[in-house]
Amino acid sequence: MDLALVLQLEKKIDQLLARKQALEEQCQQLLADRDRLAQERERFVAEVDRILAKLDGLDLEVS
């Protein structure tokens, strides 16, 4: 096998490994973002539910 081909193959493997590492880091960041957004959504839903409960209470007082 030609040394140039081996070196070229090694370079391509290094590029693939670097790409794999970058994708794994991006995946971890996306998972963290997903978790943060899910928590934010839970807080938002709880706040909306609290406001709706207050409005229901006002409805009962007015009726």
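These numbers were taken from a predicted model, which means no experiment stands behind them.

Basis of the calculations
- Residues numbered from 1 in each chain as written.
- Predicted model: local features only at pLDDT ≥ 70, side-chain atom pairs only at ≥ 80, totals over all residues.
- Heavy atoms only, no water.
- Helix = DSSP H or I, 4+ residues; strand = E, 2+ residues; numbered from the N terminus.
- Rg over C-alpha atoms; globule rule 2.2 N^0.38 Å.
- Buried < 20%, exposed > 50% of the residue type's maximum accessible area, 1.4 Å probe, protein only.
- Patch = residues over 30% accessible without salt bridge, like charges linked within 9 Å, V, L, I, M, F, W, Y side chains within 5 Å.
- Areas by Shrake-Rupley, 256 points an atom, 1.4 Å probe, with all protein chains shown as cover.
- Salt bridge = Lys/Arg side-chain N within 4 Å of Asp/Glu carboxyl O.

Colleague: Run through the overall build of the chain, naming residues and quoting values.
Modeller: A count of helical and extended segments in the chain gives 1 helix and 0 strands. Its C-alpha radius of gyration of 27 Å places the chain more than 25% over the 11 Å reference for a compact globule of 63 residues. By principal-axis analysis of the C-alpha atoms, the chain measures approximately 90 × 10 × 10 Å. Across the 63 residues that make up the chain, the buried fraction comes to 0%.

Colleague: Break down a nonpolar patch on the surface for me, with residues and values.
Modeller: A cluster of nonpolar side chains, contributed by Phe44, Val45, Val48, Ile51, Leu52, Leu55 and Leu58, occupies part of the molecular surface with about 600 Å² of accessible area. Structurally, Val48 is set in helix 1 (residues 3-62). On the basis of relative accessible area, Val48 is assigned to the partly exposed category, the value being 31%.

Colleague: A description of the pattern of salt bridges should follow, citing residues and the corresponding values.
Modeller: Taken as a whole and assessed by the stated rule, the structure comprises 4 salt bridges. One salt bridge connects Asp35 with Arg34, and the closest N-O pair in it is separated by 3.2 Å. Residue class for Asp35 comes out partly exposed when judged on its relative accessible area of 39%. A salt bridge links Glu47 to Arg50; the nearest nitrogen and oxygen atoms lie 2.4 Å apart. Separated by 3 residues within a single helix, Glu47 and Arg50 lie in helix 1, roughly one turn from each other. Judged by its relative accessible area of 37%, Glu47 falls in the partly exposed class.

Colleague: So what's going on with the environment of Ala53? Residues and values would help.
Modeller: Looking at the secondary structure, you find Ala53 in helix 1. Between the C-alpha atom of Ala53 and that of Lys20, which follows or precedes it by 33 residues, the distance is 49 Å.

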